[in-house]
Amino acid sequence: MLKTNPETYRELKAMKNATEIAKYYNVSTDFVDDAYDFLIADPGNEIRIDDDIITFRDNQKNIKKQYKTNLVSSLDGLIVTAAMFTLIPHYNPSSYSGGGGGSSSNNNNNNNNNNNNNNH
């Protein structure tokens, strides 16, 4: 898969992080090689994946490469460096909204108090 064998812990971690991308997105082995090389080139380099766009950013946050891809899991994205692999989970807001309870009983209590006051 990768053209080179990692020799340091940093290279090993970068290799793991580059190959982990393939678990979540449809990418080629050539892409994994490119990702590994990019992550090793500079500790500040970052690969950010949002929806179906993979963006390689250098340590100055300049875009160096972009790829189109297909998501194979339910994520909103990834942030990958040589040292870090961060999943951005997909958020599904629920249709249930709680709260609002108690207003009916408060109105009933107010009505009862008003009725008691009017009867005296």
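Just so you know, the residues in each chain are numbered from 1, in the order the chain's sequence is written. Local features are withheld for residues below a pLDDT of 70 in this predicted model, meaning they are given only at 70 or higher, and side-chain atom pairs are given and counted only at 80 or more; totals for whole chains, interfaces and linings count all residues. The side-chain numbers reported here are obtained from all heavy atoms of the structure, hydrogens and water having been left aside.

A. View of the packing of aromatic side chains. Each Phe, Tyr or Trp ring, with Trp reduced to its six-membered ring, pairs with another whose centre is within 6.5 Å; inter-plane angles below 30 degrees give stacked pairs, above 60 give edge-to-face pairs, and intermediate values give tilted ones. In total, this model carries five aromatic pairs according to the counting rule given. Pairing Tyr-24 with Phe-85 gives two aromatic rings, centres 6.1 Å apart and planes at 35°, and the pair type is tilted. With Tyr-24 in helix α1 (residues 9–24) and Phe-85 in strand β5 (residues 85–89), this pair connects stretches of sequence that are 61 residues apart. For Phe-85, a relative accessible area of 22% puts it in the partly exposed group. Pairing Phe-31 with Phe-56 gives two aromatic rings, centres 5.8 Å apart and planes at 75°, and the pair type is edge-to-face. Taken together, the residues span a long stretch of sequence, with Phe-31 in helix α2 (residues 29–41) and Phe-56 in strand β2 (residues 53–57) at a distance of 25 residues. Accessibility expressed as a relative area gives 5% for Phe-31, which makes it buried. For Phe-56, a relative accessible area of 0% puts it in the buried group. In this structure an aromatic cluster arises from ring pairing among Phe-31, Phe-38, Phe-56 and Tyr-67. Counting from the N terminus, the helices are the DSSP runs of H or I reaching at least four residues and the strands are the DSSP runs of E reaching at least two. Three labels apply to residues, based on accessible area from a 1.4 Å probe with only protein chains included: buried if under 20% of the type maximum, exposed if over 50%, partly exposed otherwise in between.

B. Representation of the nonpolar core in the model. Residues enter a nonpolar core if they are buried and are Ala, Val, Leu, Ile, Met, Phe, Trp, Tyr or Cys, with the set joined through side-chain atoms within 4.5 Å. Ile-21, Ile-47 and Leu-78 are the most contacted members of the largest nonpolar core, which has 19 residues in total. Every element with two or more residues in this core is listed here: α1, α2, β1 (46–50), β2 and β4 (75–80). The element contributing the most residues to this core is α2, with six residues.

C. Geometry of the environment of Asp-76. Mapping Asp-76 onto the fold places it in strand β4. The sequence separation of Asp-76 and Asp-52 amounts to 24 residues, and the corresponding C-alpha distance is 9.3 Å. When near neighbours in sequence (up to four residues on either side) are disregarded, Asp-76 contacts Tyr-25, Ile-49, Asp-50, Asp-51, Ile-88, Pro-89, His-90 and Tyr-91. The contact criterion used throughout is that any non-hydrogen atoms of two residues lie within 4.5 Å.

D. Structural view of the pairing of β4. Of all six residues that make up β4, five are buried, and the element is covered over most of its length. Pairing between strands is defined by DSSP: at least two bridges between the two strands are required. One ladder, built from four bridges, connects β1 with β4; its direction is antiparallel. Within β4, the position partnered with Ile-49 by the bridge is Leu-78. Pairing of β4 with β5, which is carried by five bridges, proceeds in the antiparallel orientation. Within β5, the position partnered with Val-80 by the bridge is Phe-85.

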